[in-house]
Structure formats: C-alpha cells, structure tokens
There are 2 protein chains.
Amino acid sequence: MAGGSTGAGRSVTSRALRVLDAFDVDHARLTLSEIAGRSDTPLTTAHRLIGELTAWGALSRRPDGRYEIGRKLWDLGLLAPVQAELRQVASPFLLDVHTATRDTVHLAVRDGATALYVDRVSGRESVPVVSQVGSRLPLHAVGVGKVLLAAAPDDVVEQVLRSLTRETRHTVVEPARLARELAEVRRTGAARTSEEMSLGAASVAVPVTVVRGAGGRAVVAAALGIVVPTHRAERDLPRLVPVLEVAARGIGRELARTDEFR
Amino acid sequence: MAGGSTGAGRSVTSRALRVLDAFDVDHARLTLSEIAGRSDTPLTTAHRLIGELTAWGALSRRPDGRYEIGRKLWDLGLLAPVQAELRQVASPFLLDVHTATRDTVHLAVRDGATALYVDRVSGRESVPVVSQVGSRLPLHAVGVGKVLLAAAPDDVVEQVLRSLTRETRHTVVEPARLARELAEVRRTGAARTSEEMSLGAASVAVPVTVVRGAGGRAVVAAALGIVVPTHRAERDLPRLVPVLEVAARGIGRELARTDEFR
DNA sequence: TCTCGTGCTCCCACTCAGCGGAAGGACCAC
DNA sequence: GTGGTCCTTCCGCTGAGTGGGAGCACGAGA
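Residues numbered from 1 in each chain as written. Chains lettered and ligands numbered in written order. Predicted model: local features only at pLDDT ≥ 70, side-chain atom pairs only at ≥ 80, totals over all residues. Heavy atoms only, no water.

## Considering the pattern of salt bridges
Per the stated rule, a full pass over the model turns up 42 salt bridges over all chains. Put simply, Arg232 of chain A and Asp236 of chain A hold a salt bridge, and the shortest N to O gap is 2.8 Å. Separated by four residues within a single helix, Arg232 of chain A and Asp236 of chain A lie in helix α9 (residues 230-257), roughly one turn from each other. Asp236 of chain A gets classed as buried once you look at its relative accessible area, which sits at 2%. In this structure, Glu68 of chain B and Arg62 of chain B form a salt bridge, with 3.5 Å as the shortest nitrogen-oxygen distance. (Salt bridge = Lys/Arg side-chain N within 4 Å of Asp/Glu carboxyl O. Helix = DSSP H or I, 4+ residues; strand = E, 2+ residues; numbered from the N terminus. Buried < 20%, exposed > 50% of the residue type's maximum accessible area, 1.4 Å probe, protein only.)

## Topic: the domain arrangement of chain A
As far as domains go, chain A holds domain 1 (12-76) and domain 2 (81-257). The gap between the C-alpha centroids of domain 1 of chain A and domain 2 of chain A is 34 Å. (Domains from an automatic or database assignment.)

## Overview of the confidence of the model for chain A
On average, residues of chain A carry a pLDDT of 88, and 92% of them reach 70 or more. Across residues 1-8 of chain A, where pLDDT falls below 50, the model places five contacts with residues more than four positions away in sequence or in other chains. (pLDDT = per-residue confidence, 0-100. Contact = heavy atoms within 4.5 Å.)

## Quick word on the sheet that holds strand β6 (residues 191-194) of chain A
Residue and element names in this part refer to chain A. Spatial strand order, β5-β4-β3-β8-β7-β6: six strands in an open sheet with antiparallel pairing. Of all the strands in the sheet, the pair left with one neighbour each is β5 (136-138) and β6. Geometrically, the sheet is characterised by an average inter-axis angle of 30° between neighbouring strands, direction not taken into account. Sheet analysis places strand β3 (residues 104-111) next to strand β8 (residues 218-229), joined by five bridges and oriented antiparallel. Note on β8: the bridge partner recorded for Ala108 is Ala223. (Pairing = 2+ DSSP bridges. Axes fitted to C-alpha atoms, helices over the stretch in contact; angles between N-to-C directions.)

## Focus: the sheet that holds strand β7 (residues 201-211) of chain B
Residue and element names in this part refer to chain B. Pairing is antiparallel across the open sheet formed by six strands, whose spatial order is β5-β4-β3-β8-β7-β6. Two strands lie at the open edges of the sheet, namely β5 (136-138) and β6 (191-194), each paired on one side alone. The average undirected angle you get between the axes of adjacent strands in this sheet is 30°. Packed onto the sheet, helix α9 (residues 230-257) meets β6, β7 and β8 (218-229) and runs at close to 20° relative to β7.

## Some remarks on the interface of chain B and chain A
Taken residue by residue, the interface counts 58 residues in chain B and 57 residues in chain A. For the pair chain B and chain A, the two sides together bury roughly 4800 Å², of which 58% comes from carbon and sulfur. Considering only the side of chain B, the residues that lose the most area to chain A are Arg71, Trp74 and Leu79 of chain B, jointly responsible for 16% of the buried surface there. Summed over the shared surface of chain B and chain A, the number is eight salt bridges. Of the charged contacts in the structure, one is a salt bridge between Lys72 of chain B and Asp21 of chain A, with a shortest N-O distance of 3.6 Å. The tally of links between chain B and chain A comes to 12 residue pairs in polar contact (both at pLDDT 80 or more). Elements represented by at least two residues in the side of chain B that touches chain A include exactly α1 (12-21), α3 (43-56), β2 (67-69), α4 (71-77), α5 (81-101), β3 (104-111) and β4 (114-121) of chain B. No other element matches α5 of chain B, which puts 12 residues into the side of chain B that touches chain A. For the side of chain B that touches chain A, the per-class residue count stands at 27 nonpolar, 13 polar and 18 charged. (Buried area = accessible area lost by both parts, 1.4 Å probe. Polar contact = N/O pair within 3.5 Å; in protein donor to acceptor, adjacent residues only side chain to side chain. Nonpolar A, V, L, I, M, F, W, Y, C, P; charged D, E, K, R; others polar.)

See the structure below:
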C-alpha cells in the first residue's frame with residue numbers, strides 16, 4: 001500500500017467498521033467529508049467504503065446528500081441478545097409499572113463501568129431525564145447504576161470508586177461515602193438518588209435477580225428504576241419501592257424460565 | 001486469488017457484510033461453521049472476518065462458542081432514522097392508547113411492499129400477534145398495512161394486488177375486493193381486519209398524517225393500529241377508532257413541528 | 001483406552017482487491 | 001467571474017486478503 005500514514009487499523013474490514021464508528025448519538029447524520037475526517041480515513045477510501053456500506057444497507061443516503069444509519073443495521077441491532085431476551089420479557093412489567101405510576105420507568109444492565117439503558121417508558125410529567133434507550137450513564141450517579149454497582153465484581157467497584165465524576169453538585173464523589181451507600185443498597189435491596197445526575201430528578205431502583213437451576217446462585221441480571229420530579233420524591237419514592245420489587249421479581253422469575261437466558 | 005469458486009461478492013467488505021447477513025430472526029445464534037455455510041464463505045475466511053467483527057463489537061461470542069449480534073451494532077441500529085424521529089415522537093401516544101385500552105398497539109411504516117413495525121406496546125390479553133418490533137408483514141393482511149397501502153403510490157398498489165399471499169383462510173386474496181377495501185379505507189380513514197393474518201385476532205388502524213408547511217400536501221407517514229381478540233372485535237373495534245384518531249393526530253402534529261422530519 | 005467425527009484455529013505463499021493521490025465536476029457565495 | 005467546498009471518477013502499484021491444508025480440542029461410541 002502507498003504511504004501508510006493512516007496509523008491505526010490496517011485491514012479493510014477494520015476501516016469499514018471505523019467508518020461506522022463515525023456515527024454516534026450526536027452525529028447521526030454526516031456528510032462524506034465529515035465521515036472521512038471523523039474516522040481518519042482518506043476521503044477517497046471513505047467514499048468507496050461508504051459506497052459499499054450503502055449498497056448493502058448499513059448506511060443510507062438522504063436527499064440532502066448526508067448519510068445516516070440504514071434500516072438493515074437497525075434490523076440486525078434488534079437481534080442483539082441483551083435486549084432480545086431481557087427486553088421482551090421485561091416489557092410488559094415496565095408497562096405495568098408505568099400504568100400504575102405514570103412515571104418514567106427504566107431498565108438497565110451493567111456494561112463495563114457504565115449503566116446501559118436497554119428499555120424505557122417515558123412518564124407524563126416533564127422530568128429532566130437524560131437517559132434514552134441505548135445511552136450509557138455513570139454507575140455512581142443514577143439509581144439503576146448504584147444497584148448494578150452494588151452487585152458488581154470487586155474490581156469493577158474499585159475501578160469506579162477510583163474515578164467518580166461530578167455530574168451535578170449533588171453527585172456523590174467521595175469513594176468512602178459511595179462505598180457506604182453500596183453497602184446500604186445490598187442490605188435494603190434498593191438504591192435512591194436525588195439530583196445526582198440531573199437537577200430536578202430523583203430516583204429509586206431495585207435489582208432484577210435471576211436464580212438459575214435448583215438452589216443455584218442468585219445473579220443480578222438488570223436493574224429496574226423509576227424517576228420522579230424532586231418535589232414528589234419524599235412522598236412518592238418510598239411507596240414506589242414495593243411496586244418496583246413486584247415487577248422485578250416477575251421479570252426475574254420469567255427470565256429464569258427462559259432457558260435461552262445465558 | 002486462488003480458485004474463485006465463491007460466486008457473488010468479491011470485495012472484502014461485501015464478504016464481511018455477507019457474514020452479518022447470516023443472522024436473522026430465526027438464526028440469532030450461530031456457530032462458525034453455520035455462518036460460513038449460510039454466507040457461502042470458505043470456513044477459514046469466515047473465521048478471519050468474524051474475528052475482526054468480534055474485535056470491533058459487531059458480533060460477540062457466547063460462552064458456548066456461538067456468535068451473536070454484539071452491542072455495538074445494537075447501539076448503531078438505534079441511530080437509524082425511521083425509528084429515531086418517529087418512535088420518539090410517537091412513543092408517549094402509544095402509551096396513552098395502551099393505558100386507555102390495555103390492548104396491543106402498533107406503529108408501522110411502509111417499507112417497499114411490506115409493513116415495517118417500528119414500535120409496539122403489548123397488551124394484557126393473549127392475542128396471537130405475529131408482529132414484533134422490526135418485523136415485516138404483508139400489507140394486504142394487516143390493519144396498519146391496509147392503511148399504508150391505501151396511501152401508497154399506484155405502482156406499489158398494483159404490485160401488491162398482483163401477488164396477494166394467503167396467510168389464513170380469511171385473508172383477502174381477490175385483487176378486486178382488496179381494491180374496494182382500499183377505496184373504503186381512503187373514504188372512512190380507517191381499516192379493519194379480522195383473522196386475515198392470524199386466527200383469533202382482529203384489528204383496526206388509522207393513518208398518521210403529516211402536513212408539511214402552510215397549506216402543504218398531507219402525507220401519510222405511518223399507521224397506528226390496535227389488535228384485539230376476535231371475540232371482542234364487534235363490540236370494541238368501532239369505539240377504538242376515535243381513540244386511535246386522537247393519538248394519530250397528536251403524532252402527526254408533533255411530527256410536523258419537528259423540522260428534522262424529512 | 002483407542003478410534004472416529006465434528007468443529008475450530010493457525011499457517012503461509014500467491015495474487016488480485018484495495019489503496020489513495022490527482023484531476024475533474026457540481027454547486028454555492030461573494 | 002473567481003474562489004471555495006464538497007463529491008466523484010480514474011488508474012497503476014503493492015501488500016492485505018485469501019483459502020487449502022495441517023493440526024488441535026473435545027466428545028461419542030466401540
């Protein structure tokens with residue numbers, strides 16, 4: 001190959017994939033040059049790769065000339081496991097909680113050191129909620145995150161404790177204090193937050209526990225949480241815990257039944 | 001290259017993509033050899049490509065050695081346009097309809113000659129519903145499909161009329177009769193089906209109409225439908241139409257406001 | 001324990017697919 | 001008209017991709 005100035009990935013496939021990497025939540029629509037720039041690919045090469053990706057349906061071209069993720073990738077994405085299994089099982093329960101409370105309900109799993117939101121039912125009241133399906137938020141700043149962190153392996157906990165980012169002025173950034181909170185979560189089986197990720201929002205969350213086989217170990221497979229505006233937190237959060245627990249148990253039981261589940 | 005027996009796609013990228021094509025709803029988990037077989041790729045080549053796809057996160061390997069679609073593709077898929085815009089706007093309205101009726105609510109768009117289900121809220125009662133988010137069903141056999149077909153360009157209508165598949169014994173397969181039904185849909189603004197896709201299920205659907213600009217043409221952007229068990233059809237379907245219409249109008253108005261929309 | 005079968009991984013020399021600079025075109029703004 | 005941005009096409013060089021084959025890991029049956 002000529003030159004070789006393009007540092008990182010040498011294989012064709014990795015380049016094609018790097019092109020896809022140019023897309024994210026804040027960059028869902030890109031021009032050819034933007035893609036080339038963001039993926040650090042020579043313009044011509046990007047052009048050719050994009051041509052192939054578009055022909056296949058991974059990307060599609062809008063009337064205005066920009067590219068966006070195509071339907072084929074959407075189709076494929078829906079086959080991904082976390083969500084296929086878990087979401088399908090959990091969906092009716094999320095709806096139940098939503099119908100009973102009319103608040104924003106979340107289902108999240110731990111993905112490394114972040115909470116990955118796999119499903120969400122949005123509430124009536126306008127609570128400043130940052131999370132969307134597919135978004136990742138820091139474990140220490142959200143309700144579902146604390147639940148997931150409390151159940152995570154020690155090395156993950158340590159890693160998170162070592163790098164607590166401040167999201168708002170209420171975020172818990174002292175390792176010792178968070179460690180105490182986690183112990184409390186393990187004891188009570190529920191986590192609370194108040195304006196730690198976004199001002200004006202408070203939350204509770206509980207673990208979704210799955211017991212595999214007879215007398216098997218209980219594994220925290222996900223976390224179920226609910227978000228309410230701060231002014232209703234004191235009154236509502238305590239009475240919401242039992243609602244979440246019922247739903248979480250339902251989901252856990254259903255998951256245990258699905259032999260497809262890991 | 002040696003041989004050249006592999007007929008179709010010659011480029012590396014197209015091969016990598018063909019590997020991904022091996023996955024679909026009925027084949028969400030595949031072994032290396034299965035992928036190689038289904039994508040008509042030599043085992044060794046498939047192995048290498050899969051290795052790269054896995055390293056990037058397009059695929060992931062399960063403990064049992066099988067491969068499945070990875071989280072990265074799920075992330076990317078969520079950026080696809082159909083759903084990003086439309087779903088986000090429509091979601092609260094679907095929930096409203098669901099809360100009011102507790103039935104299965106669907107949102108679909110036309111994708112070529114099929115109805116593509118972009119969102120769905122499942123109901124309480126066990127209705128035999130085939131559709132899932134991401135699935136495609138024939139336009140002539142489902143409620144949302146008839147609505148979308150009634151608004152489709154003539155060439156699409158003709159194409160569909162020419163190839164009416166029989167899904168159940170109640171499916172409308174006579175072109176003339178379907179044409180009459182479509183005229184009726186255009187006149188009344190709603191479509192009904194009864195056991196035409198799956199026995200035991202009936203449905204109504206209405207169009208989601210968007211008016212672009214002042215005095216612009218009205219465009220059918222999607223269809224909103226509801227499914228109930230047959231035994232409740234006579235009683236419930238008529239009174240559900242107004243509910244759907246309210247929601248559909250709300251979605252349409254919201255879409256018109258979003259300047260991002262096409 | 002020794003087959004045999006199945007499915008996966010590693011190796012390596014040949015060669016063709018990918019590469020990307022350069023040039024040309026389309027479109028817009030000033 | 002002139003300068004600018006962005007996209008598309010062209011083409012000769014070369015190293016990345018290819019895939020048969022060998023070898024390994026595991027499990028079932030004798």
